[in-house]
Amino acid sequence: MSTPQNPAAAPTTGHSLKHLAVHLITPLLMCLGMALAYQGAFHQPEPHHLKVAVVGTTPQAHGLAQAIQEKAGNALDVRTVDDRSAAERQLRDRDLVGAFVPDGRSPELIVAKGNSDTSVVAATAVFTTVTDKQGVPLHVTDLTTPAAGDPTGQGLFFLLVALSIGSYASVAVIGAAGAALSMTVRALAGVAVSLVVSVIGIVTAGPVFHVVDHDLAAIWVLGWLYSAGILLIGTGLHTFLKKWTTLALMVLFVMLNFTSSGGIYRPELQNGFFGALHGFWTGAGFLEGARSIMYFDGGAGLGGHVVTLLVWLLLGAAAVVAAALYEGRGRRGVETPAEAEEEMEEAVAV
């Protein structure tokens, strides 16, 4: 015996289309945001005050530096340094991208590719033009030693991507599946998850793929600070944003984060907006801190990058406290099971 259907209970085509359109808003906004962020950050890399030097104290060295500066304009910041040791010191401090040693037969460009391979490519192009006019080849010397599994130096950026996705995707799960738990418990769960995410990251980057082949503990700590900041910020924001949390975290930790991290292009090859974000955004704090450890013996501004990560961690703690106070006043909205399931699926999908 068939069950009679109630036509009044069935949704109309118009209602279903409206429901579909509402749910398409989030992926379409993600599409727009990713297009604007990635194309805005990477579509036309050009040097902006790229710091290079000519080695030497002779009038010829000063004249060459001045000629290059006049021709390049704002694209380069050209200086002279007294000798090779001074040039190497500034390269290891990450104050220079390249230092040119003039020589009639074997001119040399000293670089530190661990700072940024793409910036080195730009500096090499500048001085190759100079040596081409002399009719001699340019010899490039790299002061940094790449990891065994990361000859281009890009592997740390992909570690950043893995840590980011593992962190922000976990936020929706904690917020939705842990909806019945107190904010304190959810925050502690976030810290625990960040520990797992950071361990996965360092194990795959270290013993598995050899992207990180020394100082694993130090880079793991940076990864844990970075992941914990994302998870605490997301857990706190979830109380206020609910289903919009994933979109908000994608803006903060993908669209603005990956593009300003320096993983593809550092600020000297980007426009002013993303170059400015690089100075204080959390992804740049992790990536540049990891570079300082991997390639510059823990110098070259490592302390500042650690401070950046700690500031974002404190922002996460503040977000959790604000959410706890908000929920303590009985203002916390409750998601339906369908909304919670939809949010978790959305987070995993992206």
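Use the structure listed above.
Residues numbered from 1 in each chain as written. Predicted model: local features only at pLDDT ≥ 70, side-chain atom pairs only at ≥ 80, totals over all residues. Heavy atoms only, no water.

In this section: the overall build of the chain. When helices and strands are tallied, the chain shows 13 helices and five strands. Taken along the three principal axes of its C-alpha coordinates, the chain extends 95 × 45 × 40 Å. Residues classed as buried in the chain amount to 46% of the 350 residues present. Of all intrachain contacts in the chain linking residues separated by at least 6 positions in sequence, the fraction that spans at least 24 positions is 75%. With the model as given, the accessible surface of the chain reaches about 16,800 Å², and the carbon-plus-sulfur share is 65%. The averaged location of the 27 negative side-chain charges in the chain is 5 Å from the averaged location of its 19 positive side-chain charges. (Helix = DSSP H or I, 4+ residues; strand = E, 2+ residues; numbered from the N terminus. Buried < 20%, exposed > 50% of the residue type's maximum accessible area, 1.4 Å probe, protein only. Contact = heavy atoms within 4.5 Å. Areas by Shrake-Rupley, 256 points an atom, 1.4 Å probe, with all protein chains shown as cover. Lys, Arg positive; Asp, Glu negative; His and termini not counted. Charge placed at Lys NZ, Arg CZ, Asp CG, Glu CD.)

This paragraph deals with the sheet that holds strand β3 (residues 98-101). The mixed open sheet is built from five strands, whose spatial order is β2-β1-β3-β4-β5. Looking along the sheet, the strands with just one partner apiece sit at the ends: β2 (76-81) and β5 (139-142). Strand-to-strand twist of the sheet, defined as the mean angle between neighbouring strand axes without regard to direction, takes the value 25°. As paired elements, strand β4 (residues 108-111) and β5 share four bridges and run parallel to each other. From the neighbouring strand, Leu-109 faces β5, where its bridge partner is Val-140. Those strands touched by helix α2 (residues 59-72) are β1 (50-55), β2 and β3, and its axis lies near 175° from that of β2. (Pairing = 2+ DSSP bridges. Axes fitted to C-alpha atoms, helices over the stretch in contact; angles between N-to-C directions.)

Ranked by internal contacts, the top residues of the largest apolar core, which has 69 residues, are Phe-127, Leu-156, Val-212, Ile-219 and Phe-286. If you tally residues by element for this core, the top one is helix α5 (residues 155-177), at nine residues. Not counting the four nearest positions on each side in its chain, Phe-286 is found in contact with Leu-156, Leu-159, Leu-160, Leu-163, Ile-219, Leu-222, Gly-223, Tyr-226 and Leu-309. Formed by eleven residues, the second largest nonpolar core is a distinct cluster that contains Val-81, Leu-91, Leu-96 and Leu-143. (Core = buried A, V, L, I, M, F, W, Y, C linked by side-chain atoms within 4.5 Å.)

Reported here for the largest pocket is a volume of approximately 220 Å³. Considering the residues around the largest pocket, the lining is formed by Leu-64, Ala-67, Ile-68, Lys-71, Ala-72, Leu-76, Ala-125, Val-126, Thr-129, Val-130 and Lys-133. Of all the elements in the fold, those that place two or more residues in the lining of the largest pocket are α2 and α4 (117-134). The residue makeup of the lining of the largest pocket, split by class, is eight nonpolar, one polar and two charged. (1 Å grid on protein atoms, 1.4 Å probe; cavity = no way out; pocket = protein on both sides within 12 Å on 5 of 7 lines; lining within 4 Å. Points joined across faces, edges and corners; volume = space filled by probe spheres on them. Nonpolar A, V, L, I, M, F, W, Y, C, P; charged D, E, K, R; others polar.)

Our focus in this paragraph is empty space enclosed by the protein. Tallied over the entire structure, the rule returns one cavity of 30 Å³ or more. Elements with a minimum of two residues in the lining of the largest cavity: α5, α6 (183-208) and α7 (216-241). In terms of residue class, the lining of the largest cavity is built from five nonpolar, three polar and no charged.

Between its terminal C-alpha atoms helix α11 (residues 282-295) stretches 20 Å, which fits the 20 Å expected from 14 residues at 1.5 Å a residue. α11 sits mainly inside the fold: 14 of its 14 residues count as buried. Positive backbone phi, at 55°, marks Asp-297, one or two positions downstream of α11. (Expected span 1.5 Å × (residues − 1).)

Moving on: the packing of aromatic side chains. All chains considered together, the criterion is met by twelve aromatic pairs. The structure contains a cluster of three or more aromatic residues connected by ring pairs, namely Phe-253, Phe-280, Trp-281 and Trp-312. (Phe/Tyr/Trp six-rings, centres within 6.5 Å; stacked < 30°, edge-to-face > 60°.)

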